[in-house]
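If you want the building blocks of each chain, they are given just below.
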Amino acid sequence: MFAGAQVSLYPMTDGFADVILSSLSALDPWRDRLRIETDDISTLIVGPPEVLFPALRDLYVAAASTRKHCVLRATLSRGCPGEPDDPICQTNALANPSEPLESRQASALATLGHAPQTGETARAQFSLYVMGAGDHMAEIMGCIDYLKQSGTFDRSKNFCTRLIGDSGPVFATLQEAFCRFGPPLGHVTVDLTVSANSPSIA
């Protein structure tokens, strides 16, 4: 399969270039397990979800730790029929196709207790899109039910769900949503925004 993300980091500071370049160094420990390509608009990160989400977490934490207002924007996709299979994306993280929705919810929740604490708060909103045939709304509603029990759920918004908490559990919650809902070998995408150090927070 093919899995990855197009990621852009937006620091709200005159020194934005320094924040971006220093934060990208947080990806260095993951580079041997990911394919990373950066241009003037975004960074493509291709690899298995169990590596991809911790790498995104570390990128976000590095940017947040500058204490500047930063926003991470990402479009994530797995199983896109327009992309060739990539050996670097081999994974065991996806749900078993025969596993009932309730079992997948329970499995997702069981993993969250192992998420590391980073000390950086993540305020995120995201939307899960299940492509192709089948009852995609059952998968989306099942994901929302899981999110409400995750410990990172903040509230539902129009077109998206808001999460808040330490970035370790937040990115772990996102990883499970990406891997456990929708057909395991089907096309699933996530639209994600994560904000740090916003001046609008009282």
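Everything that follows concerns the structure shown earlier in this document.
Thresholds, definitions, all that
Residues numbered from 1 in each chain as written. Predicted model: local features only at pLDDT ≥ 70, side-chain atom pairs only at ≥ 80, totals over all residues. Heavy atoms only, no water. Helix = DSSP H or I, 4+ residues; strand = E, 2+ residues; numbered from the N terminus. Rg over C-alpha atoms; globule rule 2.2 N^0.38 Å. Buried < 20%, exposed > 50% of the residue type's maximum accessible area, 1.4 Å probe, protein only. Pairing = 2+ DSSP bridges. Phe/Tyr/Trp six-rings, centres within 6.5 Å; stacked < 30°, edge-to-face > 60°. Lys NZ or Arg CZ within 6 Å of the ring centre and 35° of its normal. Polar contact = N/O pair within 3.5 Å; in protein donor to acceptor, adjacent residues only side chain to side chain. Salt bridge = Lys/Arg side-chain N within 4 Å of Asp/Glu carboxyl O. Core = buried A, V, L, I, M, F, W, Y, C linked by side-chain atoms within 4.5 Å. Contact = heavy atoms within 4.5 Å. Expected span 1.5 Å × (residues − 1). 1 Å grid on protein atoms, 1.4 Å probe; cavity = no way out; pocket = protein on both sides within 12 Å on 5 of 7 lines; lining within 4 Å. Points joined across faces, edges and corners; volume = space filled by probe spheres on them. Nonpolar A, V, L, I, M, F, W, Y, C, P; charged D, E, K, R; others polar.

## Some details on the overall build of the chain
What the chain contains, in helices and strands, is five helices and eight strands. Tracing the chain from N to C terminus, the helices and strands come up as β-α-β-β-α-β-α-β-α-β-β-α-β. Its C-alpha radius of gyration of 16 Å places the chain within 12% of the 17 Å reference for a compact globule of 202 residues. The dimensions of the chain, computed from C-alpha atoms along their principal axes, are 50 × 40 × 30 Å.

## What about the pairing of strand β3 (residues 43-46)?
Side chains T43 and I45 of β3 all project onto a buried face; the interleaved residues L44 and V46 project onto the opposite face, where all are buried too. Bridge count for strand β2 (residues 35-38) against β3 is four bridges, and the pairing is antiparallel. Bridge pairing in β3 links E37 to L44. Where β2 folds back onto β3 in an antiparallel hairpin, the turn is made up of four residues.

## Overview of the packing of aromatic side chains
Following the criterion strictly, the structure yields three aromatic pairs and no others. Seen from the ring of F178, R78 lies directly overhead, with NZ or CZ sitting 5.8 Å from the centre.

## Structural notes on the side chain of S77
Counting through the fold element by element, S77 comes out in strand β4 (residues 70-78). One polar contact links S77 to H187, side chain to side chain, over a distance of 3.1 Å.

## Focus: the environment of G119
By the secondary structure assignment, G119 is in the loop between α3 (101-112) and β5 (121-130). Residue classification places G119 among the exposed positions, given a relative accessible area of 64%. Distance from G119 to V19, taken between C-alpha atoms, is 19 Å for residues 100 residues apart in sequence.

## Thoughts on unusual backbone geometry
If you check the backbone angles, R67 has positive phi at about 65 degrees while not being a glycine. What makes R67 partly exposed here is its relative accessible area of 48%. Located in the positive-phi region is N197, a residue other than glycine, with phi close to 60 degrees. By secondary structure assignment, the location of N197 is in the segment after β8 (188-196). Classification of N197 as partly exposed rests on a relative accessible area of 28%.

## A closer look at the pattern of salt bridges
Applying the stated criterion across every chain yields a total of ten salt bridges. Two residues, D154 and R162, come together in a salt bridge whose shortest N-O distance is 2.5 Å. On the basis of relative accessibility, which here comes to 28%, the residue D154 falls in the partly exposed class. When salt bridges with common partners are traced through the structure, they connect R35, E37 and D86 into a single cluster.

## Concerning the nonpolar core
Counting residues in each nonpolar core, the largest one holds 54 residues, and the members touching the most others are Y60, L76, F126 and L192. Ignoring anything within four residues of it in the chain, the contact list for L76 reads G4, A5, L52, F53, L56, F178, V188, T189, V190 and L192.

## Details of helix α2 (residues 49-64)
Taking 1.5 Å as the rise per residue, α2 with 16 residues should run 22 Å; its terminal C-alpha atoms sit 22 Å apart, in good agreement. Among the 16 residues that make up α2, 13 are buried, leaving the element largely enclosed by the rest of the structure.

## A word on the layout of surface pockets
Of the voids in this model, the largest pocket is the one considered here, and its volume is about 270 Å³. Among the residues forming the lining of the largest pocket, the class breakdown is nine nonpolar, four polar and two charged. Approximately 200 Å³ is the volume attributed to the second largest pocket. As for the second largest pocket, its lining consists of 13 residues, of which S127, L128, I140, F159 and C160 are closest to the centre. Those elements that place two or more of their residues in the lining of the second largest pocket are β5, α4 (136-148), β6 (153-157) and β7 (160-166). Split into classes, the residues belonging to the lining of the second largest pocket amount to nine nonpolar, three polar and one charged.

Functional significance is not addressed by these values, which are geometric in nature.
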